[in-house]
Amino acid sequence: MLTMDSAGDIPGGDVHIRDGVIVAVGENLDVPGAEVIDAAGKIVAPGFVDTHWHLWNTLLRGLSDGCPGTDTPYRSGYFKTCVTLGRQFRPRDTYEGTRLACAEAIDAGITTVHDWAHNVRGLDWAEAGLRSIAESGLRARFSYGYETGHRNDRLMALDDLAHVAARWPAYSAGGRIHLGMAWRGNGGSNPAMRVAPKLYREEIEAARGLGLPVTVHACGPRAAAGQISAYAADGLLGSDLQLVHLNNASPEEIALAATAGTPVSVSPFTELQIGYGQPVTARLLAAGLATGLSVDTTMLSGNADMFAIMKVTQACANALAYDEFALGARDVLRLATIEGARTLGLDSVTGSLTPGKRADVIVVSVDAPNIGVLTDPARLLVTAAHPGNVGTVIADGRPLKRDGVLTGYDITEVIRSARDALSGVLARV
Ligand SMILES: [Zn+2]
């Protein structure tokens, strides 16, 4: 068992869960009457924490190159395709895309997701996404955003955000989901996307006025460097502002972010796929930034395989440093668990198998050709395992995957409904 806290590894250890809470961790726990999940000879670890994922566009998996037969021809690219197809989304499509993403998350051992909802075309779209997440059983941050293709000279729908914030207990699934704001920031490097300082300042001030954490894409493409300096000059950096990507941030900007205590999300597969350059995870960690890992979008990453995300994160860090030991397996596993939780302000709730925390637990089998035999469990999770090895997933004390099967979904029906929804989207383009 990998606790990912100061208790370290406990070979053959038990986790006692009661009413959704980890009440004890240790060897040979004696709990008369408790239901037993036998994990002997397997790897038990905290559920993975995703720190930035546009769940809605999982419906568009495989379409980042464009969509033949529509006005987004082949090679139109991720952003244009996302906007063109995203405009045709109805609330039901957001529900279906989010549901497919949640099912995939659970299957892959991810127990916390950060839904970076940037196709909120109205209150109904936000509620559709939230309903999907609530039904999934996952722990989540829902970052209420704007609509994809939102005009840069208009404010995002701050009244709707305030409406949801005021009624949050009705959406929070008993506290499993917390609210944040997905912020456009200054819009990055493309002049066509630029948001005026008056607007972006008003937006972040509105979120902070509601006490909400904020997230923003920053320093993705090479030309976008300078965003962090702009936010620092405005006094907008802080521990409540998550910065996403940072591939091309200068050392000075990384230092500014570190001084302000801003957390960071790294999404290695999408950053590599879209041409942002290499993730710079080891540099971020060396600067002292709280760092988590993320799926970002399955339009680019293809899937939500946190094992592969950990593996490529480690490989890129070592390659960049010309050093086999630049980023260790255990360190990258921390990014996918406790450190990811820390970036979302959830480190007292999840991210490690610690008494008092909510019970988010995975059991990974080593009875498969790709992962047998059991040697160094951390290194096996980072370099060998894949979602098919995940036998059991428990989130908030509820088993959401058992014996390799999702308990809350008829996956055939989930996929059929998603297919129907996508057909409707494409027909309307
Ligand atoms: Zn993103």
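Bear in mind the structure is a predicted one, so any value in this text is a computation, not a measurement.

**Focus: the overall build of the protein chain**
- Within the protein chain, the regular secondary structure consists of 15 helices and 15 strands.
- Its C-alpha radius of gyration of 21 Å places the protein chain within 12% of the 22 Å reference for a compact globule of 429 residues.
- If you line up the protein chain on its principal axes, its C-alpha atoms span 60 × 45 × 45 Å.
- Taking the intrachain contacts of the protein chain between residues at least 6 apart in sequence as the baseline, contacts between residues at least 24 apart amount to 74%.
- Positive and negative charge centroids in the protein chain, built from 37 and 46 side chains respectively, lie 6 Å apart.

**Considering the coordination of the zinc ion**
- Listed as protein donors to the zinc ion are His52 (NE2), His54 (NE2), His217 (NE2) and Asp296 (OD); their distances from the metal cover 2.1 to 2.5 Å.
- The coordination sphere of the zinc ion comprises four donor atoms, whose angles at the metal cover 83 to 171°; the geometry is irregular.
- Written as a sequence motif, the donor residues of the zinc ion are H-x1-H-x162-H-x78-D. Pair noted here: His54 is in the loop between β4 (48-49) and α1 (78-86) and His217 is in strand β8 (residues 214-218), with a separation of 163 residues, a long-range link.

**Here we look at the nonpolar core**
- The biggest cluster of nonpolar side chains holds 108 residues, and the ones touching the most others in it are Phe142 and Trp183.
- The element best represented in this core is helix α2 (residues 91-107), accounting for six residues.
- Ignoring sequence-local partners within four residues, the contact set of Phe142 consists of Asp115, Ala117, Ala126, Leu130, Ile133, Trp168, Ile177, His178, Leu179 and Gly180.

**With respect to the sheet that holds strand β3 (residues 43-46)**
- Spatial ordering of the open sheet is given by β3-β12-β13-β14-β15, a layout of five strands whose pairing is antiparallel. One side of each edge strand has no neighbouring strand; the edge strands of this open sheet are β3 and β15 (405-406).
- Relative to β15, strand β14 (residues 398-402) is paired through two bridges, and the arrangement is antiparallel. Bridge assignment links Arg402 to a residue of β15, and that residue is Val405.

**Some thoughts on the packing of α2 against helix α3 (residues 123-136)**
- Two elements in contact, α2 and α3, have axes separated by 8 Å at closest approach and are oriented at 25°. In this view, α2 runs roughly parallel relative to α3, as classed from their interaxial angle. Crossing handedness for the pair α2 and α3: right-handed. In contact with Pro91, Thr94, Tyr95, Thr98, Arg99, Cys102 and Ile106 of α2, α3 contributes Asp124, Trp125, Ala128, Gly129, Arg131, Ser132, Ile133, Glu135 and Ser136.

**Notes on the pattern of salt bridges**
- The full count for this structure, using the stated rule, is 18 salt bridges.
- Glu413 is the salt-bridge partner of Arg99, the closest N and O atoms lying 3.1 Å from each other. Placement of the pair is Arg99 in helix α2 and Glu413 in helix α15 (residues 411-428), with a sequence separation of 314 residues.
- Two residues, Arg342 and Glu339, come together in a salt bridge whose shortest N-O distance is 3.0 Å. Here Arg342 pairs with Glu339, and both are found in helix α13 (residues 338-343), just three residues apart, close to one helical turn.
- Taken together, the shared-partner salt bridges in this structure form one network comprising Arg139, Arg358, Asp360 and Asp396.

**Focus: α1**
- Looking at α1, one finds that the buried residues are Tyr78, Thr81, Cys82, Thr84, Leu85 and Gly86.
- Lining the buried residues of α1 we find α8 (268-274), α10 (298-301) and α15.

**Some remarks on unusual backbone geometry**
- Following Gly372, the chain continues into Val373 via a peptide bond in cis, with omega recorded as 10°.
- For Val373, the location among the structural elements is in the loop between β12 (361-364) and α14 (377-383).
- The phi angle at Asp19 is positive, at roughly 50°, despite the residue not being glycine.
- Here Asp19 is to be found in the loop between β1 (14-18) and β2 (21-26).
- One non-glycine residue, Asn28, adopts positive backbone phi at about 50°.
- Looking at the secondary structure, you find Asn28 in the loop between β2 and β3.

**Description of the sheet that holds strand β9 (residues 241-245)**
- Taken together, the eight strands give an open sheet; going across it, the order is β4-β5-β6-β7-β8-β9-β10-β11, and neighbouring strands pair in parallel fashion. Looking along the sheet, the strands with just one partner apiece sit at the ends: β4 and β11 (291-293).
- Where β8 lies against β9, five bridges are found, and the strand directions are parallel. Looking at the pairing, Ala218 lines up with His245 of β9.

**Considerations on the pairing of strand β6 (residues 139-144)**
- The buried count for β6 comes to six of six residues, which makes it a mostly enclosed element.
- Residues Arg139, Arg141 and Ser143 line one face of β6 and the alternating positions Ala140, Phe142 and Tyr144 line the opposite face, and both faces are buried.
- Pairing of strand β5 (residues 110-117) with β6, which is carried by six bridges, proceeds in the parallel orientation. Bridge pairing in β6 links Ala117 to Tyr144.
- What joins β5 to β6 is α3, and the crossover it makes is right-handed.
- Two strands pair when backbone bridges link them, and β6 and strand β7 (residues 177-183) are joined in this way by five bridges, in the parallel orientation. Looking at β7, one finds that Ser143 is bridged to Gly180.

The rules behind these values
- Counting from 1, residues in each chain are numbered in the order their sequence is written.
- Residues qualify for local features only when their pLDDT is at least 70, as the model is predicted, and side-chain atom pairs are given and counted only at 80 or more; totals for whole chains, interfaces and linings, by contrast, use all residues.
- Each side-chain value is worked out from all heavy atoms of the structure, with water and hydrogens disregarded.
- Numbering of helices and strands starts at the N terminus; helices are DSSP runs of H or I of at least 4 residues and strands are runs of E of at least 2.
- Put simply, the radius of gyration uses C-alpha atoms, and a globule should come to 2.2 Å times the residue count raised to 0.38.
- Any two residues whose heavy atoms approach within 4.5 Å are treated as being in contact.
- When charges are tallied, Lys and Arg are placed among the positive residues and Asp and Glu among the negative ones, while His and the ends of the chain are skipped.
- Taken as the charge centre is NZ of Lys, CZ of Arg, CG of Asp or CD of Glu, depending on the residue.
- Listed donor atoms are N, O and S within 2.8 Å of the metal (Na, K and Ca: 3.2 Å). As water is not included, a site may look incomplete.
- Geometry is assigned from donor-metal-donor angles: four donors are tetrahedral when every angle falls between 85 and 135 degrees, four are square planar and six octahedral when opposite donors sit over 155 degrees apart with all other angles between 65 and 115, and any other arrangement is irregular.
- What we call a nonpolar core is a set of buried Ala, Val, Leu, Ile, Met, Phe, Trp, Tyr and Cys residues that are connected through their side-chain atoms within 4.5 Å.
- Each residue's exposure class comes from its accessible area (1.4 Å probe, protein chains only) as a fraction of the maximum for that residue type: buried when under 20%, exposed when over 50%, partly exposed otherwise.
- A pair of strands is labelled paired if DSSP reports no fewer than 2 bridges between them.
- In this analysis, axes come from line fits to C-alpha atoms, helices being fitted only over the stretch in contact, and the angle between any two N-to-C directions falls in the range 0 to 180 degrees.
- An angle below 35 degrees is read as roughly parallel, one above 145 as roughly antiparallel, one from 65 to 115 as roughly perpendicular, and any other as oblique.
- Here a crossing is called left-handed whenever its near helix is offset anticlockwise from the far helix by less than a right angle, and right-handed whenever the offset is clockwise.
- Salt bridge criterion: a side-chain nitrogen from Lys or Arg within 4 Å of a carboxyl oxygen from Asp or Glu.
- For a crossover, the right-handed case is the one in which the path from the first strand over the helix to the second runs clockwise, viewed with the strands pointing away from the viewer.

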